[in-house]
Amino acid sequence: MFKSIVISQLHLFYTVCVAMSVQMMAFNFAQAKVRPSDMIHPTDHHGLGRGYAPPGALFSVDLWGGTSGISDPYALRSQTGFFFNSRSPFESGELGLSWGMFNHNYETETDTESGTYTTNLVIDWRWRGGKRTTHDPYFGLGVALPTRKLSGEGGFEGEAQLDAFQIALASRFGGLKRWIWEPNSMAAFFETGGRARWGSFIMEGELATAYLYRVASSTVIETANLFVQASGAIGFQGQKSGFVLGGGYGIAPLSFAEDIDQIHTRLTYSYLRNKDEYYVSLFLPIDAPAGLLANQVGVNLVLGIQGQL
């Protein structure tokens, strides 16, 4: 009888222990929020997460337009266009692809002309630190290849070629990212930048240098050039919207041209919705060409979206 009592007590104790173990496992499962994919695939092929998909590609799309006033030999200049950038993730970085085009209109006292100007195709590789978002710090190397020959070397056509170069350079990027917009040129470039945030206050900056080489000879643009640029901005970012005020400076230190540098300022308003950031930017060139220092009025408006697929 004593033996049967002991066996029944041991059986009861075992049953209680099993029940408590099952409850603890269920509690830990709920706390850890473990998903079946975590147990089947502990990491993805990037070594990121526990069963989570790799991050999607970053992208940005811009629509822009601008105008500038009197500048010899033109009475009025204007342009509209678009710009596209996509960045695909890899294990140690991301591969970027950029391309765009714009239509420029210009008129003199006697003539009115319009032409389509295609930018260079830009391919680059970036290394990023921390979490991968559109504002993370990065170091990048890239090349730019011309996708269309912009003809016209003398007379009105030559001036139109130079104007297409100047109007894009001065307005779309405020004189920066010259490897994207310089016609008939291929380039190799290095760039680094990112954004820092303290509460609602943000600070961002970028530094880059490029070597550009003309693949088609020109009488208005030099055969080869070294280009250096720097930009920065400060602002405030809330949960949904933010403002950034900044500017940039770009210079071709080895150029013999009169206008070897570009200065601009910009104001950007952004609005966050889900994973995407919508923004509007106002560019104001300060230095010639198409700038305030040359007694000209030039302004460019950019509407865009950037985010992660």
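Residues numbered from 1 in each chain as written. Predicted model: local features only at pLDDT ≥ 70, side-chain atom pairs only at ≥ 80, totals over all residues. Heavy atoms only, no water.

On to the pairing of strand S7 (residues 185-198). Pairing between strand S6 (residues 138-146) and S7: seven bridges, direction antiparallel. When the bridges of S7 are listed, Gly140 appears paired with Glu191. Connecting the antiparallel pair S7 and strand S8 (residues 201-214) is a turn made up of two residues, with Gly199 showing a positive phi of about 65 degrees. (Pairing = 2+ DSSP bridges. Helix = DSSP H or I, 4+ residues; strand = E, 2+ residues; numbered from the N terminus.)

Judged by nonpolar contacts, the single largest core of 17 residues is most densely connected at Trp64, Val122, Trp179, Ile180 and Trp181. Going through the elements one at a time, helix H4 (178-181), S7 and S8 are the ones with two or more residues in this core. (Core = buried A, V, L, I, M, F, W, Y, C linked by side-chain atoms within 4.5 Å. Buried < 20%, exposed > 50% of the residue type's maximum accessible area, 1.4 Å probe, protein only.)

Where the model shows low pLDDT, its predicted coordinates should not be examined in detail. On average, residues of the protein score 75 in pLDDT, and 64% of them are at 70 or above. No element of the protein has a lower mean pLDDT than helix H2 (residues 36-40), at 47, and none a higher one than S6, at 94. When the criterion is pLDDT under 50, residues 24-42 qualifies, and its contacts beyond four places in sequence or with other chains add up to 15 contacts. (pLDDT = per-residue confidence, 0-100. Contact = heavy atoms within 4.5 Å.)

The next point concerns the environment of Phe189. Within the secondary structure layout, Phe189 lies in strand S7. For Phe189, a relative accessible area of 4% corresponds to the buried category. Taking the C-alpha atoms as reference, Phe189 lies 5.9 Å from Leu141; in sequence the two are 48 residues apart. With residues near it in sequence (within four places) discarded, Phe189 still touches Val122, Asp124, Gly140, Leu141, Gly142, Val143, Trp179, Thr209 and Ala210.

Attention now goes to a nonpolar patch on the surface. Taken together, the side chains of Leu63, Phe243, Leu245, Leu267, Tyr269, Tyr271, Tyr278, Leu282, Val299, Leu301 and Leu303 define a hydrophobic patch exposed on the protein surface, amounting to about 990 Å² of accessible area. Elements that contribute at least two residues to the nonpolar patch include exactly strand S10 (241-251), strand S11 (261-273), strand S12 (276-285) and strand S13 (298-308). Looking at where Val299 falls in the secondary structure, it is placed in strand S13. (Patch = residues over 30% accessible without salt bridge, like charges linked within 9 Å, V, L, I, M, F, W, Y side chains within 5 Å. Areas by Shrake-Rupley, 256 points an atom, 1.4 Å probe, with all protein chains shown as cover. Salt bridge = Lys/Arg side-chain N within 4 Å of Asp/Glu carboxyl O.)

Turning to the pairing of strand S5 (residues 120-128), a few remarks are in order. Sheet analysis places strand S3 (residues 93-107) next to S5, joined by five bridges and oriented antiparallel. Looking at the pairing, Gly96 lines up with Asp124 of S5.

Turning our attention to the packing of aromatic side chains. One pass over the structure, following the stated rule, counts eleven aromatic pairs. Each ring, one from Trp64 and one from Phe102, has its centre 5.6 Å from the other, and the planes form 45 degrees; the classification is tilted. In this pair, Trp64 is assigned in strand S1 (residues 58-68) and Phe102 in strand S3, connecting sequence segments 38 residues apart. Neither residue differs from the other here; Trp64 and Phe102 are each classed as buried. Relative to Phe236, the ring of Phe201 lies with its centre 5.9 Å away and its plane at 70 degrees, an arrangement referred to as edge-to-face. With Phe201 in strand S8 and Phe236 in strand S9 (residues 224-237), the pair connects residues that are 35 residues apart, well separated along the chain. Phe201 sits in the partly exposed class, given a relative accessible area of 28%. By relative accessible area, Phe236 is classed as exposed at 54%. (Phe/Tyr/Trp six-rings, centres within 6.5 Å; stacked < 30°, edge-to-face > 60°.)

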